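Residue-level structural notes
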Amino acid sequence: MTATKETVTTTPTERVESVSAAAYRIRHHALNMGEVQGQGYVGQALGASDMLAVVYADQLRFRAEDPAWEERDRFLLSTGHYAIGHYAALAEAGIIPVKELETYGSDDSRLPMSGMSTYTPGMEISGGSLGHGLSIAVGAALGLRYQGSDARVYNFLSDGELDEGSTWEAAMGAHHHQLGNLTAMVDINALQADGKTDTVLRTEPVTEKWEAFGWYTQRVDGNDVGALLAAFDNAAAQAAAVGRPSVILCDTKVGRGVPLLEDREKAHFMRIEEHEWQLCREQLTAGFKGKAA
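Residues numbered from 1 in each chain as written. Predicted model: local features only at pLDDT ≥ 70, side-chain atom pairs only at ≥ 80, totals over all residues. Heavy atoms only, no water.

Turning to the overall build of the chain, a few remarks are in order. In terms of helices and strands, the chain carries ten helices and nine strands. In terms of C-alpha radius of gyration, the chain reaches 18 Å, essentially the compact-globule figure of 19 Å for 293 residues. Dimensions of the chain, computed from the C-alpha atoms along their principal axes, are close to 55 × 45 × 40 Å. Split into buried and exposed, the 293 residues of the chain put 51% on the buried side. Counting contacts in the chain only where the partners sit at least 6 residues apart, residues at least 24 apart contribute 76% of the total. Of the roughly 12,900 Å² of accessible surface on the chain, 50% is carried by carbon and sulfur atoms. (Helix = DSSP H or I, 4+ residues; strand = E, 2+ residues; numbered from the N terminus. Rg over C-alpha atoms; globule rule 2.2 N^0.38 Å. Buried < 20%, exposed > 50% of the residue type's maximum accessible area, 1.4 Å probe, protein only. Contact = heavy atoms within 4.5 Å. Areas by Shrake-Rupley, 256 points an atom, 1.4 Å probe, with all protein chains shown as cover.)

Given below as structure tokens:
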């Protein structure tokens, strides 16, 4: 819930419908941005849109007009190449103008193809080499606790980042410091730059690994808004200045919501033909309206 919105009592169904609509708009924004370049990490953005919608439309405390508000919750995008999805979420949240999305990846744009904190309002860290995000999140969560702040830290990771030893060092550090104000979410789409994650470096059983590191661990369908809301609510119930850090493992599908893209063989970095973009939008809208019906 944002700090700029009044608290409104909603039914569970209305809550799911509201977040699902936000996820649809995030996907639509991502497709529009992707068309500007004709290619990009569109598949990841589509797959992670439900996760981003739950965070920005339901969980995160922020002020759209003041992205640097001191009491804000921190959302750290560890996977800088997912920036296209994050920009879409920032626009949906009112932090950046929707019109500005048209500048994505262009010269002098505030929206580079990989996330940069020095360019984009609401972008807390710069993305580059993977595996650094959770370490920064641990430091941020510990610093906020020392300051007496009740702000929470959310860190978005990819399953490919679990290949990095620094991720597990940070996980161990978060448990050691009992960072109950830290929630990590992992996009498990089973794909990374060098191929399928289970052929590059097998990380399963990943649930048991996080539990062994002392984290409150949940694994859900990352494209099921209802399941995501329940998982984030559970994590929020665990949140405390001192306590177990939480991780939500989210199984997602690259290209989710656009059948044309869901089964593409080369899906990590997609090249989408000029005539296909409108078809993608039509499939997205038809699927969303079908579910609503």
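In terms of nonpolar packing, the biggest core is built from 59 residues, with Leu31, Tyr56, Phe75, Tyr87 and Leu261 touching the most fellow members. For this core, the secondary-structure elements that each account for two or more residues are helix 1 (12-37), helix 2 (42-59), strand 2 (74-77), helix 3 (83-92), strand 3 (153-158), helix 8 (225-238), strand 8 (246-251) and helix 10 (276-292). Sorting elements by how many residues they give to this core places helix 2 first, with ten residues. Among residues more than four places away in sequence, those in contact with Tyr87 are Met33, Ile96, Leu101, Tyr104, Leu111, Pro112, Ser114, Gly115, Met116, Thr120 and Met123. Counting 26 residues, the second largest nonpolar core, distinct from the first, contains Leu76, Val138, Ala184 and Val206. (Core = buried A, V, L, I, M, F, W, Y, C linked by side-chain atoms within 4.5 Å.)

Looking now at the pattern of salt bridges. A side chain with one charge can pair with a side chain of the opposite charge if their charged atoms come near. Throughout the structure, instances matching the rule amount to 13 salt bridges. Two residues, Lys99 and Glu102, come together in a salt bridge whose shortest N-O distance is 3.1 Å. Judged by relative accessible area, Lys99 falls into the exposed class, the value being 58%. With its nearest N and O atoms 2.9 Å apart, the salt bridge here joins Asp251 to Arg219. With Asp251 in strand 8 and Arg219 in strand 7 (residues 216-221), this pair connects stretches of sequence that are 32 residues apart. A relative accessible area of 33% means that Arg219 is categorised as partly exposed. (Salt bridge = Lys/Arg side-chain N within 4 Å of Asp/Glu carboxyl O.)

The next subject is the pairing of strand 4 (residues 182-188). Across the seven residues that make up strand 4, a large majority, seven, are buried. Side-chain alternation along strand 4 places Leu182, Ala184, Val186 and Ile188 on one buried face and Thr183, Met185 and Asp187 on a second face that is also buried. With six bridges connecting them, strand 3 and strand 4 associate as parallel partners. Bridge pairing in strand 4 places Leu157 opposite Val186. Taken together, strand 3, helix 5 (residues 165-176) and strand 4 constitute a β-α-β crossover, and its handedness is right-handed. Bridging between strand 4 and strand 8 involves six bridges; their strand directions are parallel. Bridge pairing links Asp187 to Cys250 in strand 8. (Pairing = 2+ DSSP bridges. Right-handed = clockwise from strand over helix to strand, strands pointing away.)

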